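Close look at the chain arrangement
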Amino acid sequence: FQAEDGIRDYKVTGVQTCALPILAVLGREPTPREREILGSLWEEQRTWFRDHPEEATRLLSVGEKSRRETLPADELAALTVVAATCLNHDEFVMKR
């Protein structure tokens, strides 16, 4: 799952992007409780990355693909943290 591609393919923004890792990997919508947890995490991380833009840039510079500058770095970095968190969930581990 690549956060940037998910945003482009599903055409969602903001906290709605939290459903993307679950849709992409598990093929289902998140439960209301998962949405609540992931939405809170996304909001917390977006605020932190907005206050620390150099950290968002540093996180997004990791990997083989360079990022599209048209997407807000704070939102993309927050979704990256959400996706990494999802990948540590038991259901994701067992699905792979």
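Note that the structure is predicted; figures quoted are calculated from it, not measured. (Residues numbered from 1 in each chain as written. Predicted model: local features only at pLDDT ≥ 70, side-chain atom pairs only at ≥ 80, totals over all residues. Heavy atoms only, no water.)

**Structural notes on the packing of helix H3 (residues 32–51) against helix H5 (residues 73–87)**
Quick reminder of the rule: To get an axis, fit a line to the C-alpha atoms, keeping to the stretch in contact for a helix; angles then go from 0 to 180 degrees between the N-to-C directions. Under the DSSP-based scheme used, a helix requires at least four consecutive residues in state H or I and a strand at least two consecutive residues in state E, with every element numbered from the N terminus. Here the word oblique covers every angle except those under 35 degrees (roughly parallel), over 145 (roughly antiparallel) and from 65 to 115 (roughly perpendicular). Whether a crossing is left-handed or right-handed is set by the direction in which the near helix is turned from the far one by less than a right angle, anticlockwise for left-handed and clockwise for right-handed. Contact between two residues is taken to exist if any of their heavy atoms lie within 4.5 Å; hydrogens are not considered.
At a closest axis distance of 8 Å, the pairing of H3 and H5 adopts a crossing angle of 140°. Put simply, H3 runs oblique to H5. The interaxial crossing formed by H3 with H5 has right-handed handedness. Listed contacts from H5 to Leu38, Leu41, Trp42, Gln45, Arg46, Phe49 and Arg50 of H3 are Asp74, Glu75, Ala77, Ala78, Leu79, Val81, Val82, Thr85 and Cys86.

**A word on the confidence of the model for the protein**
Counted only if it meets this: For every residue, the pLDDT score states the predictor's confidence, bounded by 0 at the bottom and 100 at the top.
When pLDDT is averaged along the protein, the result is 84; 93% of the residues meet or exceed 70. Taken element by element, the protein is modelled with least confidence in helix H6 (residues 90–95), mean pLDDT 66, and with most confidence in helix H4 (residues 53–60), mean pLDDT 95.

**Here we look at the packing of helix H1 (residues 3–10) against H5**
Operational definition: All amino acids are sorted into three groups, where Ala, Val, Leu, Ile, Met, Phe, Trp, Tyr, Cys and Pro are nonpolar, Asp, Glu, Lys and Arg are charged, and the leftover types, Gly among them, are polar.
Here H1 crosses H5 at 110°, and the two axes come no closer than 9 Å. On the basis of the axis angle, H1 is roughly perpendicular to H5. Residues Ala3, Glu4 and Ile7 of H1 touch H5, and the partners they reach there are Leu76, Leu79 and Thr80. Its residues assigned to classes, the contact of H1 with H5 comprises four nonpolar, one polar and one charged.

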